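Commentary on secondary and tertiary structure
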Amino acid sequence: MRDFHNLSCESLKRKSNMSYKVIVELNLKNGKVQEFFKWCKYVCEATREADGCLKIETGIAQNDHRHAFIIQEWKNFQSYKGYFFDLEKTGAWRSLISLIQREPKITLCNFSEV
């Protein structure tokens, strides 16, 4: 599996009143849902402690229990970028690969209050 994080997201505008949400969509292998939640427990605890993390949530689609989501909210893009590189160093992303069928879809969104 190739490196699935595309850093072209740096093109997002960086405004101080924005937060950044990272939506990770995963298709889990059969029988890997419980292992995924164990992985999430470890990773979510570390993520909550990361500088700039505002929130992290995980979920499973109601109509397909192999379709999982991780949603993170960050104070700014730089915080997320630093966290992601730290997470790669720990091997957490590599350990996720054994649980998924194919490359995750990662979407970065910038939100602001209106």
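So, here is what we can say about the structure in this document. Being a predicted model, the structure only gives us computed values, none of them experimental.

Cut-offs applied
- Residues numbered from 1 in each chain as written.
- Predicted model: local features only at pLDDT ≥ 70, side-chain atom pairs only at ≥ 80, totals over all residues.
- Heavy atoms only, no water.
- Pairing = 2+ DSSP bridges.
- Helix = DSSP H or I, 4+ residues; strand = E, 2+ residues; numbered from the N terminus.
- Axes fitted to C-alpha atoms, helices over the stretch in contact; angles between N-to-C directions.
- Salt bridge = Lys/Arg side-chain N within 4 Å of Asp/Glu carboxyl O.
- Buried < 20%, exposed > 50% of the residue type's maximum accessible area, 1.4 Å probe, protein only.
- 1 Å grid on protein atoms, 1.4 Å probe; cavity = no way out; pocket = protein on both sides within 12 Å on 5 of 7 lines; lining within 4 Å.
- Points joined across faces, edges and corners; volume = space filled by probe spheres on them.
- Nonpolar A, V, L, I, M, F, W, Y, C, P; charged D, E, K, R; others polar.

Right, let's talk about the sheet that holds strand S3 (residues 64–74) for a bit. Backbone-to-backbone hydrogen bonds join strands into a sheet, with any given pair of strands oriented parallel or antiparallel. Across the sheet, which stays open at both edges, the four strands sit in the order S2-S3-S1-S4 with antiparallel pairing between neighbours. The open sheet has two free edges, formed respectively by strand S2 (53–61) and strand S4 (105–112), since each of these has just one partner strand. In this sheet, neighbouring strand axes are inclined to one another by 15 degrees on average, regardless of whether the strands run parallel or antiparallel. Where S2 meets S3, eight bridges bridge the pair, whose relative direction is antiparallel.

All chains considered together, the criterion is met by five salt bridges. Across the salt bridge formed by glutamate 25 and lysine 105, the nearest N and O atoms sit 4.0 Å from each other. Of this pair, glutamate 25 sits in strand S1 (residues 18–27) while lysine 105 sits in strand S4, and the two are 80 residues apart along the sequence. On the basis of relative accessibility, which here comes to 22%, the residue glutamate 25 falls in the partly exposed class. For lysine 32, the salt bridge is made with glutamate 35, and the minimal N-O distance between the two is 3.2 Å. With relative accessibility at 22%, the residue lysine 32 sits in the partly exposed group. Relative accessible area serves as the criterion here: at 36%, glutamate 35 is assigned to the partly exposed category.

On to empty space enclosed by the protein. Counting across every chain of the model gives one cavity of 30 Å³ or more. The computed volume of the largest cavity comes to approximately 40 Å³. In this structure, the largest cavity is lined by Trp39, Val43, Cys44, Ile56, Ile70, Gln72, Tyr83, Leu87 and Trp93. Where the lining of the largest cavity is concerned, the elements lending two or more residues are helix H1 (33–49), S3 and helix H2 (77–90). Examining the composition of the lining of the largest cavity, we find that three residues originate from one element, H1, more than from any other. Its residues assigned to classes, the lining of the largest cavity comprises eight nonpolar, one polar and no charged.

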